[in-house]
Amino acid sequence: MPSLENIKCPVCKAEFGEGDDVVYCPECGTPHHRACYNMIGHCVNKGLHESGYRFFEPAAKEEKKSDEGDKTFFIPAQKTDNENEEVPALPFQSAAPDFLKKYESEKIGEDNGADVAATVRTSIERFMALFRKFDKKEKSISWNWGAFFFGPYYLLYRKVYSHGIAFLCLQTALSYLGSYLLSVKAPKFTEAYSNIMNSMSSLGSVGSISSIDQSTLTGAADYGVAQKILFAMIAASVIIRVIIALFADKIYFGSVKNIIRTVNEKIENGATFNTTSVFGPMPQNLDSTQMRRMYLSRRGGTSFMAPLGAYLVINLIMSLL
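Residues numbered from 1 in each chain as written. Predicted model: local features only at pLDDT ≥ 70, side-chain atom pairs only at ≥ 80, totals over all residues. Heavy atoms only, no water.

Let's talk about the overall build of the protein
Stated formally: Each helix is a run of H or I in the DSSP string that is no shorter than four residues. Each strand is a run of E no shorter than two, and both are numbered from the N terminus. Burial classes follow relative accessibility: with a 1.4 Å probe on protein chains only, a residue under 20% of its type's maximum area counts as buried, one over 50% as exposed, and anything between as partly exposed. Contact definition: two residues touch when any of their heavy atoms are within 4.5 Å. All accessible areas in this document rest on Shrake-Rupley with a 1.4 Å probe, and a residue is counted as covered only by the protein chains that are shown.
Counting secondary structure elements, the protein contains 13 helices and six strands. Out of the 321 residues in the protein, the part that is buried amounts to 39%. A fraction of 66% describes how many contacts in the protein between residues 6 or more apart in sequence connect residues 24 or more apart. For the protein, the exposed surface amounts to about 18200 Å²; the carbon and sulfur share of it is 58%.

In structure tokens form, the structure reads like this:
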């Protein structure tokens, strides 16, 4: 067997040591720790076999000796019932290679349809239909009820972080501006409302304001001014939600294209895939294109943690002020 001195396992990136249990790919000769090979279920360089790739050719060996560091994508595997074994997993069934075949021959802009579908991952049919129209300039806006009801949190759910954070900051700023205007332009109303809230809090009351409290608020000398400010705040909030609802899908289209472009650029710069990702068994005979789509699926899709985290942070900030 060839020397493994200074050579690293392409899966775990650890140098081979004396006594390691090593297996070699019968096609290209790539060495793996046996446990690493069993984890991914096939040679890490499977996608290169058709090109006649050989690991121990001089040029290939020099390439393997270089440590790609942050150019390598590491995606965690999922444990099986056997505590000593791991297999790759797949984000959702919609990202499976067989499912994506229906989009393989399609192009949306410069991107392959299967790449776009893999990145979207959920509600694929709806978004693919919209993206085709956006790409052909048949449509520039659309209506998204989820974006209307949840506002910036919907964008965060779809991992459109920059726009989601921007709209969330705008929404929060308008809320604080309204509160400031109430305290300056309608101080008596603000004081009455604050007293009622403090009273309800001290008594542990939960529910709507009583008719007596409502009379106190409407009886404030500056109630008319407060009413106008409150109306303006509600109108501004609705306008923001309408804007998000109209443009959320188009913004998301741009985000999906950006994810695909970023991943493609990393691959062109030498990035490789060592294993693939999360939530359920994945076919073990994936080539490099399919593995890339698994990574696109992980980068795209949705996130419950992003909107939840943003909601908790906003509420924490408000409670401290």
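Notes on the packing of helix α8 (residues 161-185) against helix α11 (residues 223-268)
Which entries qualify depends on this criterion: Inter-axis angles, ranging from 0 to 180 degrees, are taken between N-to-C directions of lines fitted to C-alpha atoms, where helices are fitted over the stretch in contact. We call two directions roughly parallel when the angle between them is under 35 degrees, roughly antiparallel when it is over 145, roughly perpendicular when it lies between 65 and 115, and oblique otherwise. In this count, Pro and Cys sit with the nonpolar residues alongside Ala, Val, Leu, Ile, Met, Phe, Trp and Tyr, while Asp, Glu, Lys and Arg are called charged and the others, Gly among them, polar.
Put simply, α8 and α11 touch, their axes get as near as 10 Å, and they point 175 degrees apart. One way to sum up the angle between α8 and α11 is to call them roughly antiparallel. On α11, the residues touching His163, Phe167, Leu170, Gln171, Leu174, Ser175, Gly178, Ser179, Leu181, Leu182 and Lys185 of α8 are Val225, Ala226, Ile229, Leu230, Met233, Ala236, Ile240, Ile243, Ile244 and Ile251. Grouping the amino acids of the contact of α8 with α11 by side-chain chemistry returns 15 nonpolar, five polar and one charged.

A word on the pattern of salt bridges
Here is the rule: By convention in these notes, a salt bridge is any Lys or Arg side-chain nitrogen within 4 Å of a carboxyl oxygen on Asp or Glu.
One pass over the structure, following the stated rule, counts seven salt bridges. Here arginine 126 and aspartate 249 are joined by a salt bridge, their closest N and O atoms 2.9 Å apart. Of this pair, arginine 126 sits in helix α5 (residues 124-135) while aspartate 249 sits in helix α11, and the two are 123 residues apart along the sequence. A relative accessible area of 34% places arginine 126 in the partly exposed class. In the salt-bridge network here, residues are joined through shared partners; they are Glu104, Asp115, Arg292 and Arg293.

Re a nonpolar patch on the surface
Operational definition: Nonpolar side chains (Val, Leu, Ile, Met, Phe, Trp, Tyr) are joined into patches within 5 Å and like charges within 9 Å, using only residues with over 30% relative accessible area and no salt bridge.
A contiguous nonpolar surface patch, about 330 Å² in accessible area, is contributed by Ile141, Ile239, Ile243 and Phe247. Positionally, isoleucine 243 belongs in helix α11. For isoleucine 243, a relative accessible area of 36% gives the class partly exposed.

Quick look at the confidence of the model for the protein
Detailed reading of predicted coordinates is not advised where the pLDDT is low. Quick note on the threshold: As a per-residue measure, pLDDT tells how confident the predictor is, with possible values from 0 to 100.
Within the protein, residue pLDDT values average 80, and 77% of them lie at 70 or more. Every residue in residues 58-95 scores below 50 in pLDDT, and together they form 98 contacts with partners more than four places removed in sequence or on other chains. Low confidence marks residues 275-283, where pLDDT is under 50. Its contacts with residues over four positions away, or in another chain, come to 38 contacts.

With respect to α11
The cut-off we apply is this: Given the number of residues in a helix, its expected span is that number minus one, multiplied by 1.5 Å. Bend is computed residue by residue as the angle between axes fitted to the seven residues ending at the residue and the seven residues starting at it.
An ideal rise of 1.5 Å per residue puts 68 Å on 46 residues; α11 measures up with 64 Å between its terminal C-alpha atoms. The axis of α11 is deflected most strongly, by about 50 degrees, at phenylalanine 247.

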